[in-house]
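Here is how the chains run, residue by residue.
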Amino acid sequence: QVQLVESGGGLVQAGGSLRLSCAASGLTFSSYRMGWFRQAPGKEREFVAGITWSGGSYYYADSAKGRFTISRDNAKNTVFLQMNSLKAEDTAVYYCAAGANGRSVLSGSYNYWGQGTQVTVSS
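The model shown is predicted, which means the values in this text are computed figures rather than measured ones.

Another aspect to go through is the sheet that holds strand 3 (residues 18-25). What the 4 strands build is an open sheet, ordered 1-3-8-7; its pairing is antiparallel. Pairing within the sheet leaves two strands with one partner each, and these edge strands are strand 1 (3-7) and strand 7 (68-73). Taken over all neighbouring pairs, the strand axes of this sheet differ in orientation by 15° on average, direction set aside. Where strand 1 meets strand 3, 5 bridges bridge the pair, whose relative direction is antiparallel.

Below is the structure:
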């Protein structure tokens, strides 16, 4: 059974930082691309950042560029999202997801999802 478990969310002031983690089990982690998505109240889920299976390529939504960094540790079956210079508009539930092959920003191309972790940024 595949499990993705996010952690590291919380309440932070604008301008602060958080580091999200996503621990994976039940799959060959190093074979999957990983992504972070978020969903704010009343809005659709949106892509934030993605990383290929090897970690050699990563890509970001425009809203995340220059502030967020995605990384992975295949030895620990974990993917991270370092978020700096947080803004109130970053408030959302953040989800990690695993997908097979290549790279994609489309949620439908990801096969497995975590339950999400709440990030709240106070202004």
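That was the structure; now back to the text.
Quick look at the environment of Gly55 now. One can find Gly55 in the loop between strand 5 (46-51) and strand 6 (58-60). Take Gly55: its relative accessible area is 24%, and that puts it in the partly exposed class. C-alpha of Gly55 to C-alpha of Leu18: the two residues are 37 residues apart in sequence and 21 Å apart in space.

By size, the foremost hydrophobic cluster in this structure holds 29 residues, and its most contacted members are Met34, Trp36, Val79, Leu81, Met83 and Tyr94. Of all elements in the fold, only strand 3, strand 4 (32-39), strand 5, strand 7, strand 8 (78-83), strand 9 (92-100) and strand 11 (117-122) reach the threshold of two or more residues within this core. Non-local contacts of Tyr94, meaning those with residues more than four positions away in its chain, are made with Glu6, Leu20, Trp36, Phe37, Arg38, Val48, Phe68, Leu81, Met83, Gly116, Thr117 and Val119. Membership of the second largest hydrophobic core comes to 6 residues, among which are Phe37, Phe47, Ala61 and Ala97.

Describing an aromatic ring pair means giving the distance of the ring centres and the angle of the ring planes. Scanning the entire structure with this criterion turns up 7 aromatic pairs. Look at Phe47 and Tyr59: their rings are 5.6 Å apart centre to centre, the planes differ by 15°, and that puts the pair in the stacked class. In this pair, Phe47 sits in strand 5 while Tyr59 sits in strand 6, placing the two residues 12 residues apart along the sequence. By the burial criterion, Phe47 is buried, and Tyr59 matches it. Seen from the ring of Phe29, Arg72 lies directly overhead, with NZ or CZ sitting 4.4 Å from the centre.

We now examine the pattern of salt bridges. Going through the model one piece at a time under the given rule, you end up with 4 salt bridges. Note that Asp90 and Arg38 form a salt bridge whose closest N and O atoms lie 2.9 Å from each other. Separated by 52 residues along the polypeptide, Asp90 in the loop between strand 8 and strand 9 and Arg38 in strand 4 bring together distant segments of the chain. Given the relative accessible area of 0%, Asp90 is considered buried.

Notably, Asn77 is not glycine yet its phi reads approximately 50°, a positive angle. Here Asn77 lies in the loop between strand 7 and strand 8. Not every positive phi belongs to a glycine, and Ser85 is a case in point at roughly 50°. Position of Ser85 among the secondary structure elements: in the loop between strand 8 and strand 9.

Each value, and the rule that gives it
Residues numbered from 1 in each chain as written. Predicted model: local features only at pLDDT ≥ 70, side-chain atom pairs only at ≥ 80, totals over all residues. Heavy atoms only, no water. Pairing = 2+ DSSP bridges. Helix = DSSP H or I, 4+ residues; strand = E, 2+ residues; numbered from the N terminus. Axes fitted to C-alpha atoms, helices over the stretch in contact; angles between N-to-C directions. Buried < 20%, exposed > 50% of the residue type's maximum accessible area, 1.4 Å probe, protein only. Core = buried A, V, L, I, M, F, W, Y, C linked by side-chain atoms within 4.5 Å. Contact = heavy atoms within 4.5 Å. Phe/Tyr/Trp six-rings, centres within 6.5 Å; stacked < 30°, edge-to-face > 60°. Lys NZ or Arg CZ within 6 Å of the ring centre and 35° of its normal. Salt bridge = Lys/Arg side-chain N within 4 Å of Asp/Glu carboxyl O.

By themselves, these are just geometric observations and shouldn't be taken as functional.
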